[in-house]
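Read off the chains here:
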Amino acid sequence: MIFVTGGTGYLGGYVVARLLETHRAPIMLLVRAKDRAQAIEKLWRGLQLHMDEERFEELGPIVAFVPGDLTAPGLGIAPDVRARVRDRATSVLHIAASLNRKSEKACLNANLRGTLSVVNLAREIAEGKGGLTRFSHVSTVAVCGKRDREVVQEDDSIDWERSDYDPYGRTKKFAEHMIRELLPSVPKTFFRPSIVMGDSRFPETTQFDMVRAFCVLADLPALPMRPDGRLDIVNADYVGRAIADIHLKPKPAHEIYHLSAGTSAKNAEQIGDALLSRYPERRRPRFLPRAQRPFAAVVDRLAGLPRGQVALVGSLLKVFLPYITFDTVFDNTRVVTELGESPVPFTSYCGDLYAWAKERNYEYPYRALSPATTARASAEVSAWA
């Protein structure tokens, strides 16, 4: 069984759906819930983008819920449950993290303290009955620190002399170091997604922070970036497939994978043209790279306003502006070779994503499970059998 953290989140939903649907892989899912019914509701919220209620109920018995909390001592797992995890888990897939790029405290607690707790559990599993076949960690290309106009290779990403953009990248970089130091003899895989935005198969999404920032920028008459500046945006369905499939491989070819658009990443002008082809009535934006500093100053002031839509947009742009103006891409040759398939270009689906997100006012129409399904799923405990 695979012990999974972060499986009810946006990216985790893609990974868990792939593990269940394609591989029928039994998983132990760390989830913060007061009871099984609440855990089921959380999982359904994370998976309904990928399957209907009937399929969710069919796959439910493959999942064993592990009540806990990433930032609690010992992951907050009860001793008897921890013993079962230690005896039955054969690999660990650590996806959970804080993406709060403005809060050092949140990143320290989740990305460092939480990861250390997951590593400690992994060490127990490694010393248990079946041992530990793999520890996979979902990191980020943000570990590369401040860059400009580069193509970054996996083995050259971490440079301890280079400054970081924010606490998120800094703590994820150290988490990778900690895992290597504390699990020296365990096979490890590090997945580093770039900007994960949208699904190439359908316009629906449940993650709106980056999408909202993209839509706001797309609607501006002038953009503070170079027209040829590349944006390394990768489709979530590709990232989810890569993490699930490579984690389950007995011997992946590499230890580190950039899950990115790589050198095929489209530039700002190409993305703008893709939106123009969908909406010919739009006006082509002007590109003003020299306006980056004054634009950043305005964004900073907006982010400091009292709560409201303007402050929200300002906060989002403040967080993501460095990542969309540094014209740096992350070579993805390894993952493309491993999967035998490239990501779908953002330009092929960005118009549908833009339209759907704005029509829905950046809200996903979540559906509640029927009482009958909830009752039946709550009675299922076969995954522990």
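This text goes with the structure placed above it.
Since this is a predicted model, take the numbers as computed values, not measurements. (Residues numbered from 1 in each chain as written. Predicted model: local features only at pLDDT ≥ 70, side-chain atom pairs only at ≥ 80, totals over all residues. Heavy atoms only, no water.)

Caption draft 1: Molecular detail of the nonpolar core. In this structure, Phe 214, Ile 243 and Phe 346 are the most contacted members of the largest nonpolar core, which totals 88 residues. Core analysis: the next-biggest nonpolar cluster, separate from the first, contains 27 residues, Val 66, Leu 75, Ile 77 and Val 118 among them. (Core = buried A, V, L, I, M, F, W, Y, C linked by side-chain atoms within 4.5 Å. Buried < 20%, exposed > 50% of the residue type's maximum accessible area, 1.4 Å probe, protein only.)

Caption draft 2: Representation of the pairing of strand S4 (residues 91-94). Side-chain alternation along S4 places Ser 91 and Leu 93 on one buried face and Val 92 and His 94 on a second face that is also buried. As paired elements, strand S1 (residues 2-5) and S4 share 4 bridges and run parallel to each other. Residue pairing for S4: Thr 5 is matched across the bridge by His 94. The pairing of S4 with strand S5 (residues 134-138) spans 4 bridges and is classified as parallel. When the sheet's bridge partners are listed, Val 92 is paired in S5 with Phe 135. (Helix = DSSP H or I, 4+ residues; strand = E, 2+ residues; numbered from the N terminus. Pairing = 2+ DSSP bridges.)

Caption draft 3: Looking closely at the environment of Pro 61. Structurally, the position occupied by Pro 61 is in the loop between helix H3 (53-59) and strand S3 (63-67). A residue is classified by how much of its surface remains accessible, and Pro 61, at 26% relative accessible area, is partly exposed. In sequence terms Pro 61 and Leu 316 are 255 residues apart; their C-alpha atoms lie 39 Å from each other.

Caption draft 4: Inspection of the packing of helix H7 (residues 209-218) against helix H11 (residues 309-325) at higher detail. For the pair H7 and H11, the least separation of the axes is 9 Å and the interaxial angle reads 90 degrees. One way to sum up the angle between H7 and H11 is to call them roughly perpendicular. Residues Asp 209, Met 210, Arg 212, Ala 213, Val 216 and Leu 217 of H7 touch H11, and the partners they reach there are Gln 309, Leu 312, Val 313, Leu 316, Leu 317, Phe 320 and Ile 324. Residues of the contact of H7 with H11, tallied by class, amount to 10 nonpolar, 1 polar and 2 charged. (Axes fitted to C-alpha atoms, helices over the stretch in contact; angles between N-to-C directions. Parallel < 35°, antiparallel > 145°, perpendicular 65-115°, else oblique. Contact = heavy atoms within 4.5 Å. Nonpolar A, V, L, I, M, F, W, Y, C, P; charged D, E, K, R; others polar.)

Caption draft 5: Geometry of helix H6 (residues 167-182). Taking 1.5 Å per residue as the helical rise, H6 with its 16 residues ought to reach 22 Å, and the 22 Å between its terminal C-alpha atoms agrees with that figure. Along H6, the positions that sit buried rather than exposed are Pro 167, Tyr 168, Gly 169, Thr 171, Lys 172, Lys 173, Ala 175, Glu 176, Met 178 and Ile 179. Looking at the packing, one finds that the buried side of H6 touches helix H5 (104-126), S5 and strand S7 (188-193). (Expected span 1.5 Å × (residues − 1).)

Caption draft 6: Here's a closer look at the state of the cysteines. For the structure shown, the criterion picks out 0 disulfides. Between Cys 107, a free cysteine, and Cys 144, which holds the nearest cysteine sulfur, the sulfur-to-sulfur gap is 16 Å. You can call Cys 144 buried: its relative accessible area is 2%. (Disulfide = S-S within 2.5 Å.)

Caption draft 7: A look at the packing of aromatic side chains. Enumeration over the complete set of coordinates arrives at 14 aromatic pairs. Summarising the aromatic geometry, the rings of Tyr 10 and Tyr 14 are spaced 5.5 Å apart at their centres and angled 75 degrees between planes, so their arrangement reads as edge-to-face. Taken together, the residues span about one helical turn, with Tyr 10 and Tyr 14 both in helix H1 (residues 10-21) at a distance of 4 residues. The exposure classification of Tyr 10 matches that of Tyr 14, with both residues buried. Centre to centre, the rings of Tyr 165 and Tyr 323 are 5.4 Å apart; their planes meet at 50 degrees, and the pair counts as tilted. Remark: Tyr 323 occurs in helix H11 and Tyr 165 occurs in the loop between strand S6 (151-152) and H6; sequence separation between them is 158 residues. When its relative accessible area of 9% is taken as the criterion, Tyr 323 is described as buried. One aromatic cluster in this structure is built from Phe 208, Trp 356, Tyr 362, Tyr 364 and Tyr 366. In this structure, Arg 45 is placed above the aromatic ring of Tyr 366, and the distance from its NZ or CZ to the ring centre is 3.6 Å. Between Arg 180 and the ring centre of Phe 190, over which it is positioned, the NZ or CZ distance is 4.2 Å. (Phe/Tyr/Trp six-rings, centres within 6.5 Å; stacked < 30°, edge-to-face > 60°. Lys NZ or Arg CZ within 6 Å of the ring centre and 35° of its normal.)

Caption draft 8: Molecular detail of the sheet that holds S7. One open sheet holds the 7 strands; their spatial order is S3-S2-S1-S4-S5-S7-S11, and the pairing between them is parallel. On the outer flanks of this sheet lie S3 and strand S11 (256-259), each paired with one strand and no other. Strand-to-strand twist of the sheet, defined as the mean angle between neighbouring strand axes without regard to direction, takes the value 20 degrees. In this structure, S1 lies alongside strand S2 (residues 27-31), joined through 3 bridges in parallel fashion.

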